[in-house]
Every structure is written in structure tokens, then in C-alpha cells.
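Fold and contact review
Each chain is listed here by its residues.
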Amino acid sequence: MATVVDPNTFLDHPILPPNLRANDYFLLHFADNRQIFAQAVPHKRSKSFPPCKINKRTYSTHNLIGLPYGTVLEVGRDELIPLPEGEDLLPDESDITQMIESQQTMTTNDNTAAADVAAAAVQTTENNTNCGEETNSNNDDTKMIIDNRNLVDDNTSQTLTQNQVHTLLSTQTPGSTIVAALISNSSTFSSKTAFSQAKYVKRKQLKYQPRCRIVRITPSTLCSAMHLKDARKICNLREDTLGQLLSNANICAGQRVLVVDTAVQGIITASCVRRMGGYGSVLSLYCGQQPGYLDVVNRMNFTVMEKQALKWIAFGEMFGDYDEKKRQTDKLRDEESGEVVDVEKRDRDLVKWPAPLQPHTRRYLLEDVKNEKKISEFLSKRSARFARKLTRNTMLELRELADSCRDVEENYNIDPSCSIEENTEEEGSAMVIDDDKNDIPQDVRQCDSLIIATKYDPTATLLRLLPYLAPSCPFVIYHEFLEPLLDTFRTLQNYYVVENQEDGNEVPMMRRRNIAINLRLTDTWFREFQVLEGRTHPNMSISQNGGYILLGTKLCPKTGTNEMDELKVREIRARVGGRRGTRRKVVSTKRKNESDVGGNDNEKRAKES
């Protein structure tokens with residue numbers, strides 16, 4: 001009998017809020033394809049948070065808290081004005097049509113004399129009783145040809161001066177009013193085609209009536225915004241390439257993922273954490289004393305559960321000497337008990353939650369700080385500081401986590417000074433399996449995925465991190481250029497594992513153990529299309545390259561080999577058809593022999609008769 005699952009059991013994971021909350025980061029998308037990062041600051045003037053700058057002006061974001069994502073804002077002189085639902089970044093075509101009709105009406109009223117003359121000419125033509133050919137020729141002569149052939153850009157068509165425009169801007173006149181004034185004071189607007197009029201109105205709206213949209217920060221929007229700002233800082237990583245990285249690495253909830261993305265400023269780390277939803281763990285490596293791209297990761301507005309899943313590990317814990325780290329850990333052992341003393345964990349256990357106020361802190365709040373608003377800000381910052389202390393992992397905990405992911409039996413060595421052929425054929429470059437180690441931890445759980453996007457040598461980085469990856473699990477390497485990945489591809493193809501042998505003879509190719517299969521080196525190509533009625537075509541300017549991806553699946557170093565000898569493999573290939581045309585030749589030869597035997601039997605029967 002099938003068990004019925006209660007849907008309320010899945011409500012423990014928080015759903016992404018539909019509205020903008022206080023202290024959340026968000027994106028502002030403009031009609032001219034600009035994208036600006038901003039933060040919803042709860043106070044109008046706050047020294048702790050940077051302001052939102054648009055066109056060299058500072059705007060407050062306190063009035064945006066509570067607005068749903070997708071709301072369109074109009075950039076005023078001093079504030080961002082939320083527009084009602086249904087508004088777009090540019091006014092609808094109906095609004096543009098109304099502007100054009102109003103301008104044509106004003107032009108008609110100002111030129112009544114010319115209109116009367118034109119009407120009299122048309123009436124005279126209609127009353128003409130000449131032949132049909134003469135009537136058609138007169139009608140063609142009276143028709144007004146509307147195109148851009150007579151337009152001359154001499155800066156005299158606009159009667160509204162620059163000082164008058166500045167006066168309208170200084171008096172906080174709405175942008176739509178300024179655009180309507182520019183249209184009504186243009187002497188050449190009515191003589192333009194409808195397409196030219198729409199382009200003119202759009203250009204003026206982008207300048208005097210700018211609008212933006214509140215967009216949630218997701219892995220896709222974060223990558224596209226950073227790529228648009230400066231693609232070189234993230235090694236030309238596009239959102240489509242990011243999606244391929246996550247899909248090919250099989251990122252899902254409940255996994256343990258090892259990420260090295262020092263070249264893309266933590267975009268892959270943030271994307272893995274958001275995709276896993278707080279279930280599992282993401283081990284992200286960093287250089288230096290602390291991660292240098294925390295601001296990029298914090299823009300994703302992670303929940304407490306998602307922050308707990310992210311583990312920052314220094315490069316030295318993965319690339320350092322295992323025996324040296326063990327000696328450093330042994331120095332922290334207590335002589336009497338023999339247990340490792342973690343000082344940071346001991347101090348963390350002493351912290352109580354909720355943290356009570358100390359006497360000097362209480363005295364400071366009551367005597368020196370008497371404002372309730374400042375007291376609440378002080379207490380909120382204090383609570384956040386204690387929360388970070390309680391949730392922060394110590395150095396020894398991260399070291400134990402890193403050691404629990406590594407299989408110490410595996411050891412891949414490569415000398416960068418040698419060529420690829422030397423590395424793959426010499427004994428020092430091959431991986432040696434040693435079954436005599438007794439200090440192997442029993443609770444080893446290797447990582448389920450490995451993603452590398454770094455400016456270091458990808459070959460050496462991959463071979464150093466392969467012991468942390470479980471067998472039959474995928475690894476993905478991203479690089480801006482093709483040549484480093486080509487060297488890695490050739491190294492993985494020719495790299496083999498040799499068992500310890502006393503005679504030292506070379507192992508046949510069929511008995512060699514490779515370290516990876518299903519190797520693929522791909523290039524991503526992406527192009528945007530403009531989809532309009534009668535004007536659908538690819539965009540003229542696109543990104544040239546979105547980087548290269550090397551995919552593969554790790555083989556088990558102990559059992560990842562073919563146990564059959566070469567003769568058995570040749571027999572199977574001959575029977576199944578390992579190469580194109582082999583099976584056909586065998587079958588055709590067999591039929592030919594059968595036909596020859598049948599022919600000989602017929603000849604014998606004929607002779608006997």
C-alpha cells in the first residue's frame with residue numbers, strides 16, 4: 001500500500017518572499033539595458049549602508065520596502081516613485097499615439113490658413129469633371145509625401161531652448177510633460193514617418209522620463225548583471241554557461257559539492273547554494289586570509305539555512321601537506337586526555353542565546369544612549385554579531401571536514417616542467433595504489449561534484465582535488481581560454497594508473513586503469529534575437545565568447561579497469577562489430593561460403609542424374 005505524504009512536511013523550507021524586505025539586495029533594470037545593484041535600507045539616511053546612485057544622484061530606498069518584485073519605478077528628481085501595476089519601462093503605444101495626435105491637433109490649429117488652402121485644393125480636385133486619367137494625375141499631385149528626405153539636422157527645428165528645459169527640470173515637472181513639450185515645439189515632427197516619430201519619442205523618454213524595474217537577484221540575473229558591467233572580471237562567464245555548469249555537475253539538494261571559483265568572484269558558489277536550497281553542503285575554496293568575494297555572495301539574500309550549508313575552506317587545507325597538517329593538529333592535543341583542544345569551539349560554547357546584557361552595556365544604553373531608535377539599532381547589531389559567532393565554524397572543524405572528504409589512498413602527481421607525454425608515461429606521474437596504509441579514516445564521505453573555475457593551472461588543480469571526489473561522480477572545469485583545457489583533456493586521456501609490481505614491467509594498455517571517462521570539451525554559443533512584427537532578426541552586437549567547459553566522470557582507481565585480456569576483447573569486437581563495417585564483412589563472407597557449398601551440391605546432383 002502506497003504511503004500518503006503530508007504536504008505540510010515540505011513547508012519547513014522558506015519560500016522566496018514575493019515582496020522586497022528590509023536590508024535585501026535587488027537589481028534595478030532600466031529601459032536602456034542598464035542594471036544597478038541596490039539595497040533596501042530601512043532608514044532614509046543611514047551611514048551603515050551605501051546609497052543607491054542613479055545618474056550621479058543619490059536616492060533613498062526606504063519607500064521601496066514591501067513592494068512586489070517587478071514593480072516599475074519612475075526616477076524623479078529626489079526619489080523613486082512607484083507606478084501602478086501594469087506600467088512598463090516605456091509608455092504604451094497608445095500614449096505615444098495620443099501625444100502624436102495632440103501635437104498634430106496643435107499644429108493644425110496654428111496653421112489654419114495652410115489647412116484651408118489645402119482643403120480648397122482638394123475640393124477643387126474632387127469637383128473636376130475631366131477624364132479619369134487627368135483626375136488621377138491631379139489626385140496624385142495633391143497627395144502629401146511623408147518621408148525623411150527633406151529633414152536637415154541644423155539644430156533649428158526645436159523651438160524650446162535649453163534654458164527652458166532646465167527650468168522644467170528644476171521645477172520637478174513630470175517627464176511625460178517635458179516629452180510632450182518637446183514634441184509640440186518640434187517643427188519637423190509632423191513631417192517624419194510613423195517609425196521615425198516612435199524612435200524620437202522613445203529617445204526623449206529615455207532621457208527625460210527614465211524608469212526602472214525591481215528585479216530579484218537570482219544566479220541568472222546576478223551573472224548577467226556582472227557580465228554587463230565588466231565581463232573580464234568574471235572571465236566572460238555568461239548565464240547560459242553558468243546553467244550548463246550547474247546541470248553537468250548535477251547540482252541538486254542533499255549533495256556535497258566542492259567548488260573552486262576564484263576566477264568568477266563567487267558566482268558559482270552562490271548559484272550552488274541557491275540551487276541546493278540549504279540541503280547538503282557547499283565547500284568553497286578561497287585564497288588569502290578570508291574570501292575576497294563575500295559581497296557578491298551576500299547579494300543573493302540567503303536564509304539562515306542556506307548560510308549554514310556554505311563552508312569556506314582555505315586553499316592550504318586542500319593543497320597543503322597532509323602529514324604537516326596532522327603534525328599541527330597533534331600539537332593541540334591535551335597531554336593528559338589525548339584529545340584535541342579546540343579553543344575557538346570552547347569559546348563559542350560559552351556564548352549563551354539570547355545573549356544577556358552585561359552590566360556595563362546596560363549602563364551605557366540607559367545613561368549615554370537615551371534614544372529608543374539608537375538603542376534598537378545597537379541591539380540588532382549586537383544580536384547579529386552573536387549570531388555570527390554561534391554559527392561560525394572553527395578552523396579545526398573545517399579541517400576535519402576537508403579531511404573527511406579525501407581518500408588518502410589516492411595520490412595523483414604531475415610535474416608541470418615535464419611534457420604531457422613524459423607525465424603520462426613515467427612512473428612518477430602515474431598514480432600508485434597503496435593498500436598498506438593503516439591511518440585511513442573510516443568515516444570518509446567524498447564529494448559528489450567538483451567545479452573548477454580558476455586562473456591557476458587547471459590540470460594541476462584537478463589532479464590535486466580528484467582524491468576529494470567520489471568515483472562515478474562528475475567534474476566540470478570552466479576556463480576563459482581553450483588552450484589550458486586542451487592540455488588537461490590530453491592529460492586525462494593519456495593518464496593511467498599502475499598497480500605496484502615487483503618485476504616493474506609495463507602493464508598492457510587493456511590492463512591500465514584510467515582516471516576519467518566521458519570526457520567532453522565544449523564551447524558555448526549564445527545569441528539574442530529581436531522579436532518584433534516584421535522586424536525579427538538577430539542582435540547586431542553579441543558577446544563573442546562565453547568560455548569553454550571540460551566535462552568528465554571520475555573512475556574508481558581500484559576497480560576502474562577492464563579485466564579482460566586483449567584476445568577476449570578482439571573476439572567480442574569481431575562478433576559484435578566494434579568498428580564500422582566489420583560485422584558486414586563477416587556476415588557477407590559467411591553467406592558467400594554457404595552459397596559456394598550450395599552450388600557444389602547442385603552440381604553433384606546433376607552429375608548423378
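Before reading on, note that the structure itself is shown above.
Chains are numbered independently. Their residues run from 1 in the order of the written sequence. Whole-chain, interface and lining totals are the exception, using all residues; otherwise, since this is a predicted model, local features are given only for residues with pLDDT of at least 70 and side-chain atom pairs are given and counted only at 80 or more. Just so you know, side-chain values use all the structure's heavy atoms and leave hydrogens and water out.

Quick look at the overall build of the protein
Here a strand is any run of E in DSSP of at least two residues, a helix any run of H or I of at least four, and the numbering for each starts at the N terminus. For the protein, the count of helices and strands is 22 helices and 18 strands. Between buried and exposed lies partly exposed: a residue is buried under 20% and exposed over 50% of the maximum accessible area for its type, with that area taken using a 1.4 Å probe on protein chains only. Classification of the 609 residues of the protein by burial places 35% in the buried group. Between two residues, a contact is recorded if the distance between any of their heavy atoms is within 4.5 Å. The long-range share in the protein, meaning contacts at least 24 apart out of those at least 6 apart in sequence, stands at 72%. The accessible surface values rely on the Shrake-Rupley method and a 1.4 Å probe; as for residues, cover is taken only from the protein chains in view. Only carbon and sulfur atoms are counted for the fraction: they give 50% of the accessible area of the protein, which is about 38100 Å².

Regarding helix α9 (residues 267-276)
Where burial is concerned, most of α9 is hidden: nine out of the 10 residues are buried. Listed in full, the buried residues belonging to α9 are I267, I268, T269, A270, S271, C272, V273, R274 and M276. Backbone geometry just after α9 places G277 at a positive phi near 70°.

A few points about the packing of aromatic side chains
What counts as a ring pair is set by centres within 6.5 Å for rings of Phe, Tyr and Trp (its six-membered ring), and what kind of pair is set by the plane angle: stacked under 30 degrees, edge-to-face over 60, tilted for all other angles. In the structure shown here, the tally under the stated rule is five aromatic pairs. Considering the side-chain rings of F189 and Y200, the 5.6 Å spacing of their centres and the 55° angle between planes classify their relative orientation as tilted. Residue F189 is located in the loop between α5 (175-184) and α6 (194-208), and its partner Y200 is located in helix α6; the two are separated by 11 residues in the primary sequence. There is no split in this pair, since F189 and Y200 are both buried. Each ring, one from F315 and one from Y456, has its centre 6.2 Å from the other, and the planes form 70°; the classification is edge-to-face. In this pair, F315 is assigned in helix α12 (residues 315-319) and Y456 in the loop between β12 (449-452) and α19 (458-465), connecting sequence segments 141 residues apart. A relative accessible area of 14% means that F315 is categorised as buried. Among the aromatic residues, those joined into a ring-pair cluster are F315, F319 and Y456. Two limits define a charge over a ring: the Lys NZ or Arg CZ must be within 6 Å of the ring centre, and within 35 degrees of the ring normal. When the ring centre of F30 is taken as origin, the NZ or CZ atom of R34, which lies over that ring, is 4.3 Å away. One cation-aromatic arrangement involves R299 over F37; the distance from NZ or CZ to the ring centre is 4.2 Å.

Examining the packing of helix α8 (residues 239-248) against α9
Following both chains from N to C, one finds α8 and α9 inclined at 55°, their axes separated by 11 Å at the closest point. Relative to α9, α8 is oriented oblique. Handedness of the crossing formed by α8 with α9: right-handed. Contact with α8, carried on its side by L242, L245, L246 and S247, involves I267, I268, S271, C272 and R275 of α9 and no other residues of that element. Each residue is assigned to one of three groups, with Ala, Val, Leu, Ile, Met, Phe, Trp, Tyr, Cys and Pro labelled nonpolar, Asp, Glu, Lys and Arg labelled charged, and all others, Gly among them, labelled polar. The residue inventory of the contact of α8 with α9, partitioned by class, reads six nonpolar, two polar and one charged. Lines are fitted to the C-alpha atoms to define the axes, a helix being fitted only along its stretch in contact, and any angle between axes, read from their N-to-C directions, falls within 0 to 180 degrees. Orientation labels follow simple angle bins: below 35 degrees gives roughly parallel, above 145 gives roughly antiparallel, 65 to 115 gives roughly perpendicular, and whatever is left gives oblique. A clockwise turn of the near helix away from the far one marks a right-handed crossing, whereas an anticlockwise turn of less than a right angle marks a left-handed crossing.

Side note on a negative patch on the surface
Exposure above 30% relative accessible area and no salt bridge define the residues that can form patches, which grow by joining like charges within 9 Å and nonpolar side chains of Val, Leu, Ile, Met, Phe, Trp and Tyr within 5 Å. We define a salt bridge as a contact between a side-chain nitrogen of Lys or Arg and a carboxyl oxygen of Asp or Glu at a distance within 4 Å. Two residue types count as positive, namely Lys and Arg, and two as negative, namely Asp and Glu; His and chain ends fall outside the count. The atoms used to mark charge sites are NZ of Lys, CZ of Arg, CG of Asp and CD of Glu. Negative charge collects at one region of the surface, where D334, E335, E336 and E339 lie side by side. Relative to the helices and strands, E335 is located in the loop between α13 (322-330) and α14 (343-349).

Describing a positive patch on the surface
Taken together, the side chains of K307, R385, R388, K389 and R392 make up a positively charged region of the molecular surface. Considering each element in turn, the positive patch owes the most residues, three residues, to helix α16 (residues 372-391). Tracing the backbone through its elements, the reader meets R392 in the loop between α16 and α17 (395-404).

Side note on the sheet that holds strand β7 (residues 211-215)
Read from one edge of the open sheet, five strands run β2-β1-β7-β5-β6, paired in antiparallel fashion. Both outer strands of the open sheet, β2 (35-39) and β6 (80-82), are each paired with one neighbouring strand and no more. For this sheet, the mean inter-axis angle between neighbouring strands, taken without regard to orientation, is 35°. Pairing geometry for strand β1 (residues 25-30) and β2, over five bridges, is antiparallel. By the bridge assignment, Y25 is partnered in β2 with Q39. Strands β1, β2 and β7 of the sheet are contacted by helix α7 (residues 219-229), whose axis makes an angle of about 120° with β2. Strands are labelled as partners when DSSP assigns at least two bridges between them.

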